[in-house]
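# Chains, contacts and geometry: an overview
Residues per chain, in single letters:
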Amino acid sequence: MVKKTVEIQDITTLVSVTDPQISPDGKSAVYVHTIIDEQEDAYIANLFHINLETRQHSQWTFGKGRISSPQWSVDGTAVAYLAEEGGNNQLFVLSLADGQINKMTNLESGIERFVWSPCAKKLWINGILDKEQTSNPLNQQIGFLTIESKKVELVLAGDCHYRLEAISHDGGKLVYALVKEKKHDFVPGQPLYLYHLETQEHMILTENQGHFSEVAFSHDDSKLAYLGNMRQYGDATHKELYIADLQTQTNSCLTEGLDVPVGDYAVSDSQGTTAGKAIWTKDDHLYFQVSTMGDVRLYFASLDGMIFPASPEMEHVVGYDVSREGEFAILAISTMTQPGELYRLQITTGEYEVLTSFNQDYVESTELREGKPTITMGSKESVHSWLIEPIGIQKGEKYPLIVKVHEWAHGMFANTFYHELQLLAAQGYGVLYINPSGSHGYSQEFAKIGRDVAYTDTMNAVVEVVETIEWVDENRLAVIGDNYGGLLTKLLFLYTKKAGRSTSEHTEQLDLKLESMEEDTKFVHFPKVYLNDSHGYKPSHRIDRLEQIVNWVKKYV
């Protein structure tokens, strides 16, 4: 069978599968299934269910917007989730008994997060619940509502920003993060507090200058697992996994000797990432994501310090949940040539079972290329990169090379599906994408190096590829990047001062600068869109953006 090449419109056929959640009895799971509705120019995300005994799938919600954050009630009789309405998230509960969906909130600003109460009759919620309770209209409060009354009752409110983290299994304790500064989006300090609901006593759990979140109680409520760091190097600081022993009132860092960050730092245009909590088993073992050498893997840890990967290399674990007994995990996994699907991992044997195949027809009918990993000498440490050959490459022919710079200063190109890179290869370009100094997924020393060194690392990698790969045409080179990648693209352009460099920088200032240098420029503006938030773009904007990039490189490279 002759396979087709990747096209821009392929984004409308790809399915995203994320956020698997195993039922309390371990017999089923729910997950979020996302597609693009071309006619409505919108993303449609709904709740799907899989019976883990029969492997039968069913769709549980049929909305025309996005849902997120599904959570089972403790007794397994209901699933709560957030759904977009009017630009904000509201809380809904789906009853398994009759399939009825109940809207629980109708708040002006929506809610940010929620947690089931162990009684399964109450939900704790977090958001701007009552603006009159604070002088800062952006401060969030914590409260609860019962499924029966749906009336919100405030518990923590005032002139601080409260972030709901976790509720104990006995229902008596609540953990929250606190920010006292008025501008709380980028403050370095976000300590954790334990609140006793009966006595109304508050106890600080972490140091004030650290930034901590994603809290999970152990099954016996004696310990807490949480993620964060002391921000010694700002955003470049590795996120760690900590344990708070509530009986001895001591804290310890489980991942101190790992020297790679906990969490998902992969950069992709096909999979959104969500902050993942560490998951406890009944035996006090923990499972969590780690970004390392271009992989995002599921890791295991015991309280005595044993840590090792539980999933293979060359994968991006996008989402995960682990059974209470720790026997198996449900993983949402993406690879370079496989958009995300669900898999069942038998933890004791490492055996995988495919649970979904939404993208199978696309993968089987489309020519996709894996990037070949390379290691080059950076300015201070070795630098990891990948090179994708052009589709249809012929021996003895020369081909242009596009250097792609990733979007985050501390992000990480990864072994994950990236539609834009596959598209460029399908257009006859080689694609080089590099994790220069400052990228996460490597050592702390590597991550804390400044962006000026990133320029040198990028150029060193380009030079080595041009000098060692026969098919690369050294006279036809381009560099593209967005957001932070746009800034580094600008540095590469201004430092080399070579005409025809392509940029996806979204600022008029750069456009004017290039015009003053008498370079051919084109400024494209997408209104009401964050810089290179590919998941925030409307589908039509994503298609237009890709068309602009492809047309530009066709014209100049």
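Structural data are supplied above this passage.
Counting of residues starts from 1 at the beginning of each chain's written sequence and follows it residue by residue. Totals for whole chains, interfaces and linings use all residues, but because this is a predicted model, local features are given only for residues with pLDDT of at least 70 and pairs of side-chain atoms are given and counted only at 80 or more. To obtain the side-chain values, all non-hydrogen atoms of the structure were used and water was disregarded.

The next point concerns the environment of Gly 430. Looking at the secondary structure, you find Gly 430 in strand 34 (residues 430-435). Put simply, Gly 430 and Leu 477 are 47 residues apart on the chain and 9.6 Å apart in space, counted from C-alpha to C-alpha. Throughout, a contact is declared for two residues whenever any of their heavy atoms are within 4.5 Å. Every residue in contact with Gly 430, bar those within four places of it in the chain, is listed here: Ile 388, Pro 390, Pro 400, Leu 401, Ile 402 and Trp 471. Runs of H or I in DSSP of at least four residues are treated as helices and runs of E of at least two as strands, each being numbered from the N terminus.

Another aspect to go through is the sheet that holds strand 11 (residues 141-146). Note: two strands are recorded as paired if DSSP finds a minimum of 2 bridges between them. Here four strands make up an open sheet; going across it, the order is 9-10-11-12 and the pairing antiparallel. One side of each edge strand has no neighbouring strand; the edge strands of this open sheet are strand 9 (113-116) and strand 12 (153-156). Adjacent strand axes in the sheet meet at a mean angle of 30 degrees, parallel and antiparallel pairs treated alike. Interaxial angles span 0 to 180 degrees and are taken between N-to-C directions of axes, which are lines fitted to C-alpha atoms, for helices over the stretch in contact.

Checked against the element boundaries, Ser 73 lands in the loop between strand 5 (67-72) and strand 6 (78-85). Between N or O atoms, a polar contact is any pair within 3.5 Å; within protein, one atom must be a potential hydrogen donor and the other a potential acceptor, and residues adjacent in sequence are included only when both atoms are from side chains. A polar atom in the side chain of Ser 73 sits 3.2 Å from the backbone nitrogen of Thr 77. What Ser 73 contacts, discounting residues up to four positions off in sequence, is Pro 24, Ala 78, Trp 116 and Ala 120.

As a further point, take the pairing of strand 27 (residues 328-335). For every residue, the accessible area obtained with a 1.4 Å probe (protein chains only) is divided by the maximum for its type, and the residue is called buried under 20%, exposed over 50%, and partly exposed between those limits. Judged by how many residues are buried, strand 27 sits mostly within the fold: seven of eight residues are covered. In the sheet, strand 26 (residues 316-322) pairs with strand 27 via six bridges, with the strands oriented antiparallel. Considered in strand 27, the bridge of Val 317 is made with Ile 333. With antiparallel pairing between neighbouring strands as the criterion, strand 26 and strand 27 make up a hairpin whose turn holds five residues, including Gly 326 at a positive phi of roughly 75 degrees. Across seven bridges, the pairing between strand 27 and strand 28 (residues 338-346) is antiparallel. What sits directly across from Leu 331, in strand 28, is Tyr 343.

The next thing to look at is the packing of aromatic side chains. Pairing of aromatic side chains here covers Phe, Tyr and the six-membered ring of Trp, requires ring centres within 6.5 Å, and sorts the geometry by plane angle: under 30 degrees stacked, over 60 edge-to-face, intermediate tilted. Tallied over the entire structure, the rule returns 20 aromatic pairs. Ring plane angle 80 degrees and centroid distance 5.2 Å describe the contact between Phe 413 and Tyr 433, whose orientation is recorded as edge-to-face. A residue pair is termed long-range when its members are at least 10 positions apart, and Phe 413 in strand 33 (residues 412-413) and Tyr 433 in strand 34 qualify at 20 residues. For Phe 413, a relative accessible area of 0% corresponds to the buried category.

Looking at the secondary structure, you find Gly 171 in the loop between strand 13 (161-167) and strand 14 (173-179). Exposure remark for Gly 171: the relative accessible area of 27% places this residue in the partly exposed category. Sequence separation between Gly 171 and Trp 116 is 55 residues; the distance between their C-alpha atoms is 9.7 Å. When near neighbours in sequence (up to four residues on either side) are disregarded, Gly 171 contacts Pro 118 and Leu 197.

Turning next to helix 7 (residues 539-556). Residues spaced three or four apart along an α-helix face the same direction, because each turn holds 3.6 residues. Across its 18 residues, helix 7 extends 26 Å between first and last C-alpha, which sits within 8% of the 26 Å expected from 1.5 Å per residue. Among all positions in helix 7, only Pro 539, His 541, Arg 542, Ile 543, Arg 545, Leu 546, Ile 549, Val 550, Trp 552 and Val 553 are buried. Of the surrounding secondary structure, the elements contacted by the buried residues of helix 7 are strand 2 (28-37), strand 3 (42-51), strand 32 (399-405), helix 2 (419-426) and strand 35 (472-481). Expected helix span is taken as 1.5 Å per residue step, with the number of steps being one fewer than the number of residues.

Quick look at the environment of Ala 177 now. You can see Ala 177 is positioned in strand 14. Filtering out sequence-adjacent residues up to four positions away, Ala 177 remains in contact with His 161, Tyr 162, Arg 163, Glu 165, Gln 190, Pro 191, Leu 192 and Phe 212.

Note on soluble globular proteins: their nonpolar side chains tend to be buried together. Only buried residues count toward a nonpolar core, which is a set of Ala, Val, Leu, Ile, Met, Phe, Trp, Tyr and Cys residues joined through side-chain atoms within 4.5 Å. Tyr 362, Leu 401, Ile 402, Leu 432, Tyr 433, Ile 434 and Val 472 are the most contacted members of the largest nonpolar core, which totals 52 residues. Sorting the residues of this core by element identifies helix 1 (360-365), strand 31 (382-388), strand 32, helix 2, strand 34, helix 4 (451-468), strand 35 and helix 7 as the ones contributing at least two each. Sequence-distant contacts of Leu 401, that is, excluding residues within four places in its chain, are made with Leu 387, Gly 430, Val 431, Leu 432, Val 465, Trp 471, Val 472, Arg 476, Leu 477 and Ala 478.

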